Amino acid sequence: MTTTLAARAVLLDMDGTLVDSTSVVERLWLEWAEPHGLDRDTVLKTVHGRQGWQSMAILLPERDHAINLEENQRMLARESAETDGVVAIPGAADLLRSLGGVPHAIVTSADLALMTARMGAALLPITELAITAERVSHSKPDPEGFLLAASALGVDPAECVVFEDSGAGIRAGIDAGMTVIGVGPHAPSFAPAHHVDDLTQITIVPAGDGFEIRIS
């Protein structure tokens with residue numbers, strides 16, 4: 001069965017949605033967590049979809065915010081340098097090509113350097129509009145990034161479709177008033193409107209003054 005959604009813009013998360021960087025993310029964060037004696041499962045449930053400083057604040061709530069900001073910069077530098085094993089999610093390249101004439105943007109908790117490194121490692125083109133960590137004051141699950149992208153594209157949030165994999169990202173898209181398509185095995189537990197295993201299930205078809213997203 002095919003589900004068809006009308007839309008006027010597509011907003012795409014990066015990690016876990018366009019790019020599979022799970023092995024790198026989890027390895028570096030578990031290395032960071034070990035000296036603090038943090039529980040592995042708690043760390044892995046927290047770090048996906050958020051900016052690093054916010055994850056640190058959740059995991060170490062009593063720690064000075066300035067330390068989190070400083071350590072986050074070191075974490076971002078390591079993540080940007082270590083891209084072995086970073087690959088494209090199946091269907092990501094075809095989806096990005098199909099969006100060539102359609103308003104769209106990446107909305108990621110990565111900074112510009114990390115986004116550039118991971119998209120490059122996955123051999124994916126960077127979208128003309130990208131809302132990265134430097135451009136927002138609040139990390140996902142706050143909807144700021146998605147709302148900023150919709151505004152920049154000149155599209156009403158209700159006419160935007162978000163592709164996201166993480167709980168923080170899916171919540172951000174829902175709170176922005178957008179339709180969320182969850183991507184990957186963990187997404188259904190966060191109640192997106194729709195779900196796909198990967199992006200090979202997505203087709204973009206022009207329609208009227210917008211386009212249709214067909215989910216197979």
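Report on the accompanying structure.

So, how was this worked out
Residues numbered from 1 in each chain as written. Predicted model: local features only at pLDDT ≥ 70, side-chain atom pairs only at ≥ 80, totals over all residues. Heavy atoms only, no water. Buried < 20%, exposed > 50% of the residue type's maximum accessible area, 1.4 Å probe, protein only. Helix = DSSP H or I, 4+ residues; strand = E, 2+ residues; numbered from the N terminus. Contact = heavy atoms within 4.5 Å. 1 Å grid on protein atoms, 1.4 Å probe; cavity = no way out; pocket = protein on both sides within 12 Å on 5 of 7 lines; lining within 4 Å. Points joined across faces, edges and corners; volume = space filled by probe spheres on them. Nonpolar A, V, L, I, M, F, W, Y, C, P; charged D, E, K, R; others polar. Pairing = 2+ DSSP bridges. Axes fitted to C-alpha atoms, helices over the stretch in contact; angles between N-to-C directions. Core = buried A, V, L, I, M, F, W, Y, C linked by side-chain atoms within 4.5 Å. Phe/Tyr/Trp six-rings, centres within 6.5 Å; stacked < 30°, edge-to-face > 60°.

Here we look at helix 8 (residues 167-175)
Within helix 8 the residues assigned to the buried category are Gly-167, Ala-168, Gly-169, Ile-170, Ala-172 and Gly-173. Looking at the buried positions of helix 8, the neighbouring elements they touch are helix 7 (144-153), strand 7 (160-164) and strand 8 (179-183). With its phi angle positive at about 80°, Gly-177 sits one or two positions after the end of helix 8.

Side note on empty space enclosed by the protein
According to the stated counting rule, one finds one cavity of 30 Å³ or more in the structure shown. Taken as a whole, the largest cavity holds about 70 Å³ of empty space. Every residue along the wall of the largest cavity is listed here: Gln-51, Val-107, Thr-108, Ser-109, Ile-131, Thr-132, Val-136, His-138, Ser-139, Lys-140, Asp-142 and Gly-145. Here the lining of the largest cavity is built from residues that sort into three nonpolar, seven polar and two charged.

Brief notes about the sheet that holds strand 1 (residues 3-7)
The strand order 1-11-10 describes an open sheet built from three strands, whose pairing is antiparallel. One side of each edge strand has no neighbouring strand; the edge strands of this open sheet are strand 1 and strand 10 (202-207). For this sheet, the mean angle separating the axes of adjacent strands, direction not counted, is 25°. Two elements, strand 10 and strand 11 (residues 210-215), share six bridges in a ladder whose sense is antiparallel.

Details of unusual backbone geometry
With an omega of 20°, the peptide bond between Lys-140 and Pro-141 qualifies as cis. We note that Leu-123 has phi near 60°; this positive angle belongs to a residue other than glycine. With respect to the helices and strands, the residue Leu-123 is situated in the loop between helix 6 (112-121) and strand 6 (130-131). Of note in the backbone geometry, Ala-191 takes a positive phi value of approximately 60° without being a glycine.

Quick look at the layout of surface pockets
What the largest pocket holds in volume is close to 850 Å³. Surrounding the largest pocket, 41 residues form its lining, Asp-15, His-48, Gly-49, Asp-165 and Ser-166 being those nearest its centre. Of all elements in the fold, only helix 1 (22-33), helix 2 (40-47), helix 4 (65-81), helix 6 and helix 8 reach the threshold of two or more residues within the lining of the largest pocket. Partitioning the lining of the largest pocket into residue classes produces 15 nonpolar, 14 polar and 12 charged.

A few points about the pairing of strand 11
Looking at chain direction, strand 1 and strand 11 are connected through five bridges and run antiparallel. The residue bridging Ala-7 from the neighbouring strand is Phe-211, located in strand 11. Turn length for the strand 10-strand 11 hairpin, with the two strands adjacent in sequence and antiparallel, is two residues, and the turn residue Gly-208 shows positive phi of about 60°.

Quick word on the nonpolar core
Leu-18, Met-119, Phe-163, Ile-181, Leu-199, Ile-202 and Ile-213 are the most contacted members of the largest nonpolar core, which has 46 residues in total. Per-element tally for this core: the top contributor is helix 1, with six residues. Setting aside anything within four residues of it in sequence, one finds Ile-202 in contact with Leu-95, Phe-163, Ile-181, Val-196, Ile-213, Arg-214 and Ile-215. Formed by 19 residues, the second largest nonpolar core is a distinct cluster that contains Ala-105, Cys-160, Ala-176 and Ala-187.

Describing the environment of Asp-41
Relative to the helices and strands, Asp-41 is located in helix 2. Overall, the relative accessible area of 46% leaves Asp-41 in the partly exposed class. Considered as a pair, Asp-41 and Gly-145 are 104 residues apart in the sequence and their alpha carbons are 27 Å apart.

Observations regarding the packing of aromatic side chains
Tallied over the full model, the rule gives one aromatic pair. Arranged with centres 5.2 Å apart and planes meeting at 70°, the rings of Trp-29 and Trp-32 form a pair that is edge-to-face. Of this pair, Trp-29 and Trp-32 both sit in helix 1, three residues apart, which is roughly one turn of that helix.

Here's the deal with the environment of Ser-216
Relative to the elements of secondary structure, Ser-216 occurs in the segment after strand 11. Residues Ser-216 and Phe-163, spaced 53 residues apart in sequence, show a C-alpha to C-alpha distance of 15 Å. Apart from the residues lying within four places of it in its own chain, the contact partners of Ser-216 are Met-1, Thr-2 and Gln-201.

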